[in-house]
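# Fold and geometry: a report
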Amino acid sequence: MKELPKAYEPKHYEDEIYKRWEESGFFNPDNLSGEPYAIMMPPPNVTGVLHLGHALENSLMDSMARFQRMRGKKVLLLPGTDHAAVATQAKVERLLVEQGIKNPRQELGREELLRRIREFSEQSKSTILSQIKKMGTSADWSRLAYTFDEPRNRAVNGVFVRMYNDGLIYRGTRMVNWSIGAHSVLSDDELLWEERQEPFYYIRCGEFVIGTVRPETKCADSPLVVHGDGEYLRLRFTNKEGQEDHLIVSKNLFDKKEQFQVITNHLESQSNFQVTETFTGKELEGRAFEYDTYAAKRKFYVIADEVIDMEKGAGAMTISSCHSADDYDLAKRRGLNETFIQKIDFDGKMTDVAGPCIGMTIVDARRKAVEIMKEMGLIVGEDTKYVHRLPICYRSNTVVEPMVSKQWFVNVDKEIPGRGKTLKQLMREAVTTGHNGDKNKTVRITPDRFEKGYLRWVDNLYDWCISRQIWWGHQIPVWYKGEEVYVGIEPPKDEEKWERDPDTLDTWFSSGMWTFSTLGWPEGGDFKTFHPTGWMQMGYEILFLWMSRMILFSTYVIDGIPFRDVYIHGMLRDEMGKKFSKSAGNSVDPLDVIEEFGTDALRFSLISGISPGNDARFYDEKVEGARNLVNKIWNISRFILTQFDPDGLTLETDHTSQEYTLADQWILMRLNQIIIEVTDDLENFRFSAAGEKLRDFTWSELADWYLEISKIESASPADKSFKSGILMYILEILLKLWHPFMPFVTEAIYQQRMRNSGILLMVQPWPSSVLHAGLRTDKPASEVLSEFSLLQSIVTGIRTIRNEYGIEPKKEFSIIIQTEKYQVLIDQYASIIKNLAKVSSLTITGTPDQPKQSATFVPGEGVTVFVELSDVIDVAKERERLEKEIQNLTAYVSSLEKKLANKQFVAQAPASVVATERAKYEEATAKLSALEQQRAPFSHF
RNA sequence: GCAUACGUAGCUCAGUUGGUUAGAGCGCAUGAUUCACAUUCAUGAGGUCCCUGGUUCGAAUCCAGGCGUGUGCACCA
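Residues numbered from 1 in each chain as written. Chains lettered and ligands numbered in written order. Predicted model: local features only at pLDDT ≥ 70, side-chain atom pairs only at ≥ 80, totals over all residues. Heavy atoms only, no water.

### Digging into the overall build of chain A
Formally: Here a strand is any run of E in DSSP of at least two residues, a helix any run of H or I of at least four, and the numbering for each starts at the N terminus. Within these notes, the globule rule equals 2.2 Å times the number of residues to the 0.38 power, and the radius of gyration is based on C-alpha atoms. Any residue under 20% of the maximum accessible area for its type is buried, any over 50% is exposed, and the rest in between are partly exposed; the area is computed with a 1.4 Å probe on protein chains only. By definition in these notes, contact holds between two residues if any of their heavy atoms fall within 4.5 Å. Residue-level accessible areas treat just the shown protein chains as cover; the underlying method is Shrake-Rupley with a 1.4 Å probe. His is not counted, nor are the chain ends; Lys and Arg add positive charge and Asp and Glu add negative charge. Charge coordinates come from a single atom per side chain, which is NZ of Lys, CZ of Arg, CG of Asp or CD of Glu.
Looking only at helices and strands, chain A features 30 helices and 36 strands. Compactness check: chain A gives a C-alpha radius of gyration of 38 Å against a globular reference of 30 Å for 941 residues, more than 25% above the reference. Taken over 941 residues, chain A has a buried fraction of 55%. Counting contacts in chain A only where the partners sit at least 6 residues apart, residues at least 24 apart contribute 76% of the total. For chain A, the exposed surface amounts to about 41,100 Å²; the carbon and sulfur share of it is 48%. For chain A, the separation between the mean place of its 116 positive charges and that of its 137 negative charges on side chains is 0 Å.

### A look at the packing of aromatic side chains
In plain terms, the rule: Only Phe, Tyr and Trp rings take part, Trp by its six-membered ring, and two of them pair if their centres are within 6.5 Å. Stacked means planes under 30 degrees apart, edge-to-face means over 60, and tilted covers everything else.
Taken as a whole, this structure holds 39 aromatic pairs when the rule is applied. Taking the centre distance of 5.5 Å and the plane angle of 10° together, the rings of Phe 289 and Phe 300 count as stacked. One end of the pair, Phe 289, is in strand β14 (residues 288–292); the other, Phe 300, is in strand β15 (residues 297–304), and 11 residues separate them in sequence. The pair formed by Phe 289 and Phe 300 is uniform in burial state, with each residue classed as buried. Their ring planes at 85° and their centres at 5.6 Å tell us that Tyr 567 and Phe 687 sit as a pair that is edge-to-face. With Tyr 567 in strand β30 (residues 563–569) and Phe 687 in helix α22 (residues 687–712), this pair connects stretches of sequence that are 120 residues apart.

### Overview of the nonpolar core
Basically, it comes down to this: We call a set of buried Ala, Val, Leu, Ile, Met, Phe, Trp, Tyr and Cys residues a nonpolar core when their side-chain atoms join them within 4.5 Å.
Residues Trp 535, Tyr 706, Ile 798 and Ile 833 are the most contacted members of the largest nonpolar core, which totals 132 residues. With 12 residues, helix α23 (residues 717–738) is the single largest residue contributor to this core. Once residues within four sequence positions are removed from consideration, Ile 833 is found in contact with Leu 791, Ile 794, Val 795, Ile 798, Ile 815, Ile 817, Ile 826, Lys 838, Val 839 and Leu 842. Met 163, Ile 445, Leu 505 and Phe 530 belong to the second largest nonpolar core, which has 65 residues in total.

### Side note on the protein's contact with RNA strand B
To be explicit about the condition: For this description, a residue counts as near a given molecule or strand if any of its non-hydrogen atoms is within 4 Å of it. Under this definition, polar contacts are N or O atom pairs within 3.5 Å; protein pairs additionally need one hydrogen-donor-capable and one acceptor-capable atom, and for neighbouring residues in sequence, both atoms have to be side-chain atoms. Only Asp, Glu, Lys and Arg are considered charged, only Ala, Val, Leu, Ile, Met, Phe, Trp, Tyr, Cys and Pro nonpolar, and every remaining residue, Gly among them, polar.
For RNA strand B, the set of nearby residues contains 56 residues, the closest of which are Thr 212, Asp 309, Met 317, Arg 389 and Trp 699. Near the protein, meaning within 4 Å, the atoms of RNA strand B are sugar or phosphate in a fraction of 61%, with bases accounting for the rest. At 2.5 Å from a base nitrogen of RNA strand B is found a main-chain nitrogen or oxygen belonging to Asp 309. A distance of 2.9 Å separates a phosphate oxygen of RNA strand B from a polar side-chain atom of Lys 452. Here the surface near RNA strand B is composed, by residue class, of 19 nonpolar, 16 polar and 21 charged.

### Remarks on the environment of Ala 139
Its place among the elements puts Ala 139 in the loop between α4 (104–134) and β4 (145–146). Given a relative accessible area of 0%, Ala 139 falls into the buried group. Spatially, the C-alpha atom of Ala 139 lies 66 Å from that of Phe 300, the residues being 161 residues apart in sequence. When near neighbours in sequence (up to four residues on either side) are disregarded, Ala 139 contacts Tyr 18, Phe 27, Met 41, Leu 77 and Pro 79.

### Quick look at the layout of surface pockets
Inclusion rule: In this analysis, the protein atoms alone were mapped onto a 1 Å grid. Cavities are point sets where a 1.4 Å probe fits without being able to get out; pockets are open sets with protein on both sides within 12 Å along at least five of seven lines; lining residues have an atom within 4 Å of a point. Grid points are joined across faces, edges and corners, and a volume is the space filled by probe spheres set on the points.
Here the second largest pocket defines a volume of roughly 510 Å³. What lines the second largest pocket is a set of 17 residues, and nearest its centre among them are Glu 93, Ile 180, Gly 181, His 183 and Asp 347. With 4 residues, helix α3 (residues 85–98) is the single largest residue contributor to the lining of the second largest pocket. Taken together, the residues of the lining of the second largest pocket sort by class into 4 nonpolar, 7 polar and 6 charged.

### Digging into the pairing of strand β17 (residues 379–383)
When a strand is regular, its side chains alternate between the sheet's two faces. Rules: When DSSP locates at least two bridges between a pair of strands, those strands are taken to pair.
Burial within β17 is extensive, with 4 of its 5 residues counted as buried. Taken together, the 4 bridges between strand β8 (residues 200–205) and β17 define a ladder with antiparallel strand orientation. For Tyr 201, the partnering residue across the bridge sits in β17 and is Glu 382.

Functional significance is not addressed by these values, which are geometric in nature.
Take a look at the structure:
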């Protein structure tokens, strides 16, 4: 075997290996056989760059894909990107503005702007895709999809038309969320809520006092609304000018001294408010008066309605039907048609009802309106500590305004013709009873606690607003000619006479079909083979945005579920637990990490120490640890491949049971257990647990013990040749087990092992849990394991004493092991003990004599070890050491004694538990008495 | 307000249906270096499993209450 470098250098292998995998064709399931198994890559934004979240997702999905592929499945990991409608258009528009194009939509027009966005995203697409390749993702690039390409457009239009014909899609005027930054409507689920402190103004309106954080909208409000059962007070006071004045406020506000103080202070009219009249809201209803707003003189009248919350503000409000969801509902309900006055336009500018504020932005208008109202004496109070939450556009990061507009919606509550169910019910069924009550068509969510949240979300769902006033996206397949409406996949015949709806569809409308639109639906082929997909993973933040829509479309369109399993992962945070973000300056570029530590190290550090649905921290030390592990695997392999003969005996054919040493049997049994456990963990998505078990086996058992022992047990050429067979066997399995986690290093080693013969590890069969037929032993596994563990205890016990007495490592000493039961065993493996513990002479005796000047320990029942220390023995120290051990053991024994003396325990606990406890007790007692015997001589000192 | 998750060693976290003298990695301490690996090895110190009560023969684990932290939803004149 040729020389291998001392340390694994990822850079020398990764790109080359990836190329080989790609060229092999095994990323493409057409070249694989077996049961189909598909994983759809959650498509990253086409304009995005790889971040840690992608890195985590790629690690997870690729580990799963590789595991399933090795298990003999026909695995399709389908890659793709998302056109991310609003986000992308907003991003490109921002860039264009920076380049001096003030209003890109106006200046460039639809076609040209689309061309620019397309150009930008095509360029960007290759970046993210090549970055995904760096992660080692074993995706089938020949099936690369894009949410905004032709096949996906056909699917989107087809589904839209079908839903329209089923009456599930309708057009209506509604209060919607308007993002001024994105210049588009958003669905409820696209809002982020941000807490802000903004002044809350008490404004007079005639004698009435209303409260608001939006004084700029108080230019054209009417009527004034009070609660019918609310109590209101008319207060008399002396104003700044020293004149008598009146205000009507809710009793609630007046009684809340701290709140009312805001008004008192403002009017500089301390404590001389006198209640002159009291009314209920009903009594006030119908009053009419004229009053000046900051913009114009207006007529007001009073109505009473239960929408008013007496606990809030002043217990009275005026209506802004076009700019508040509650007001809109109220106005609709009460038929207050004259209140639909638009004060803010879709660019976020004040309209011509705003008087002095016409054309101003909301922020400017607010400042100006307050200024004017202050001069007019309309502002009677200002609560500067008011905190409320504002909806923010998740894409453009600007405040979202409630606005009234005509939009397209998906009706989630309408019964689907011929199905007897609503979309809501379909979404519910898929995770509860199974689609159409079929248990085999159930989406299983891991961890299952997210199921509750999902169901609650489904139950509270309102119609989904799917139209967007942007150009970058699937244009709605609807044409208008006067009052006529045409909806179809193909344009109407005399197309030029029709006008197409300029709006596009919500990006989630297309990504919701991702599991089947990517498979050529409705044409078939791949769709038939791979749907429903096997596994999907995503962060909990897009559970509602994406998962729910995939379930909606799958169940409605293709009458099935989109995937059998969905694994929800948490978010990655920095060392301090903060979110990664560019603005916080803590972002980590996965490519930098790969450059420094290698892809395998990055992948393993992302996957270990995490649990589904919970956030995890990511920091350098974690990657360093993973890098060290990668290197350890490299060196284990280097040792085996360079020190032993790869072409010698094989375990499969040349080994017979008698030749196996205890260590051989032990490591093979442990390996067998690890195969079973790791397979089970991966089948149940316990990536972290699987990784930890493998790490522990690889490092603490294989490297630290078995490889060390194999050096000792390979003294003769025959023994060495025998060992080679075992080591090659273990190495091959080890590489396979590690492959899903660390595809590059394992493949690199495998290529060395196979002498670059072109055989790829990535398609080798996953190790089976059955012990190799070559290993036959009369001993049960438990006996092998416990015997080996005794040897380990003897070795570590000696090392401990050596350390405690500060004996130089080079100094060899003699030990005596007193045992009846294990004489043969210890004698047989004396050389291991001597080598690993650096012991020059080892005597085994059956007689319980204690040599003088020695330290003692009991590694297990029936064995006592004496370490001869002659001149270095420190009697006091030795006595103390033994004393401490005995104390520990005594406490342990007595706790077991108590347990076993408990009749209820013996009677009620399962027999196996009682037996285990009894065995523990017996062993501990035996150890204890052995130790006490050793202490006796010391007690004289 | 409602919901949900979390609270275990100095730090980051495991601990799968109740049965361990409660674990790992990192960090720390002591010592080792030609012989696969200092990206290494050996050894060690370090825990009121947030608190209180309950269920049970038995609780880090189940239940109730409390405290603390995070997140989602709701409210949003």
